[in-house]
Amino acid sequence: MSAPFITDNLLLRCRREQRVQQERNRQSFDPAAINDRKELSLLVEQALADGEDYSSIVARHRDIELTEAELIDLIGPEQALRDRLERFGQLH
C-alpha cells in the first residue's frame, strides 16, 4: 500500500467547510473553502488516474479517519470522478 497523500489538515478544513456550508445553505460561498474541496478533489482524481479507488484511498488514510461516505459527501461519487477523468482522457 502506498503512502497517504491527503493531509489531516486538508481533511479537517474540508469537514469544517462542509459543516459551515450545511448550516448556511442560502448564503454565498466562501471561495477559500471551495478551493480546499477542489484541492481534495484533484488529489483524489490523481489517485484514481493512478489506478486507485475510494476504498484504497480510505485505507491509506486510516489515521485521519477518512471514510468512503465522507469522500462521497465532500467531492461526489467515485464513478462521477471516473467519468470526468474518462471524458478528459486522464484515466489509465
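That block above? That's the structure.
In this report, we go over the structure that sits alongside the text.

What counts as what
Residues numbered from 1 in each chain as written. Predicted model: local features only at pLDDT ≥ 70, side-chain atom pairs only at ≥ 80, totals over all residues. Heavy atoms only, no water. Core = buried A, V, L, I, M, F, W, Y, C linked by side-chain atoms within 4.5 Å. Buried < 20%, exposed > 50% of the residue type's maximum accessible area, 1.4 Å probe, protein only. Helix = DSSP H or I, 4+ residues; strand = E, 2+ residues; numbered from the N terminus. Contact = heavy atoms within 4.5 Å. Salt bridge = Lys/Arg side-chain N within 4 Å of Asp/Glu carboxyl O. Axes fitted to C-alpha atoms, helices over the stretch in contact; angles between N-to-C directions. Left-handed = near helix turned anticlockwise from the far one by under 90°. Nonpolar A, V, L, I, M, F, W, Y, C, P; charged D, E, K, R; others polar. Expected span 1.5 Å × (residues − 1). Parallel < 35°, antiparallel > 145°, perpendicular 65-115°, else oblique.

1. Observations concerning the nonpolar core
Then, in step 1: Ile6, Val44 and Ile57 are the most contacted members of the largest nonpolar core, which totals 19 residues.
Then, in step 2: Elements with a contribution of two residues or more to this core: helix H1 (8-23), helix H2 (31-49), helix H3 (54-60), helix H4 (68-75) and helix H5 (78-87).
Then, in step 3: Counting residues per element, this core draws most heavily on H2, at five residues.
Then, in step 4: Here isoleucine 57 is in contact with Phe5, Ile6, Val44, Ala47, Leu48, Glu52, Leu66 and Leu71, once residues within four sequence places are set aside.

2. What about unusual backbone geometry?
Peptide bonds are, in most cases, trans, and in most cases residues other than glycine have a negative phi.
Then, in step 1: Phi angles above zero are rare outside glycine, and glutamate 65 is one such case at about 60°.
Then, in step 2: The residue glutamate 65 is located in the loop between H3 and H4 in this model.
Then, in step 3: Judged by relative accessible area, which is 63%, glutamate 65 ranks as exposed.

3. Some points on the pattern of salt bridges
If charged atoms from side chains of opposite charge come close, those side chains can pair.
Then, in step 1: The final tally for this structure, using the stated rule, is seven salt bridges.
Then, in step 2: In this structure, the salt-bridge partner of arginine 13 is aspartate 36, at a minimum N-O distance of 3.2 Å. Residue arginine 13 is found in helix H1, and its partner aspartate 36 is found in helix H2; the two are separated by 23 residues along the sequence.
Then, in step 3: Given the relative accessible area of 15%, aspartate 36 is considered buried.
Then, in step 4: In this structure, glutamate 78 engages arginine 82 in a salt bridge whose closest nitrogen and oxygen atoms are separated by 2.9 Å. With a gap of four residues between them, glutamate 78 and arginine 82 both fall in helix H5, about one helical turn apart.

4. Examining the packing of H1 against H4
Then, in step 1: Two elements in contact, H1 and H4, have axes whose closest approach is 11 Å; the angle formed by their N-to-C orientations is 60°. Two packed elements cross with a definite hand, and for H1 against H4 that hand is left-handed. Of H4, the residues touching H1 (which contributes Leu11, Cys14, Arg15 and Gln18) are Glu70, Asp73 and Leu74.
Then, in step 2: Across the contact of H1 with H4, the residue classes tally to three nonpolar, one polar and three charged.

5. A closer look at H2
Then, in step 1: The end-to-end C-alpha distance of H2 is 26 Å, a good match for the 27 Å that 19 residues give at a rise of 1.5 Å each.
Then, in step 2: The complete set of buried residues in H2 reads Ala33, Asp36, Arg37, Leu40, Ser41, Val44, Glu45, Ala47, Leu48 and Ala49.
Then, in step 3: Just downstream of H2, glycine 51 is the residue with a positive phi angle, here 100°.

6. Re the packing of H2 against H5
Then, in step 1: Between H2 and H5, the shortest axis-to-axis distance is 10 Å and the interhelical angle comes to 75°. In terms of orientation, H2 and H5 fall into the roughly perpendicular class. Of the residues in H5, those touching H2 at Ser41, Val44, Glu45, Leu48 and Ala49 are Glu78, Leu81, Arg82, Arg84 and Leu85.
Then, in step 2: Classifying every residue of the contact of H2 with H5 by side-chain character gives five nonpolar, one polar and four charged.

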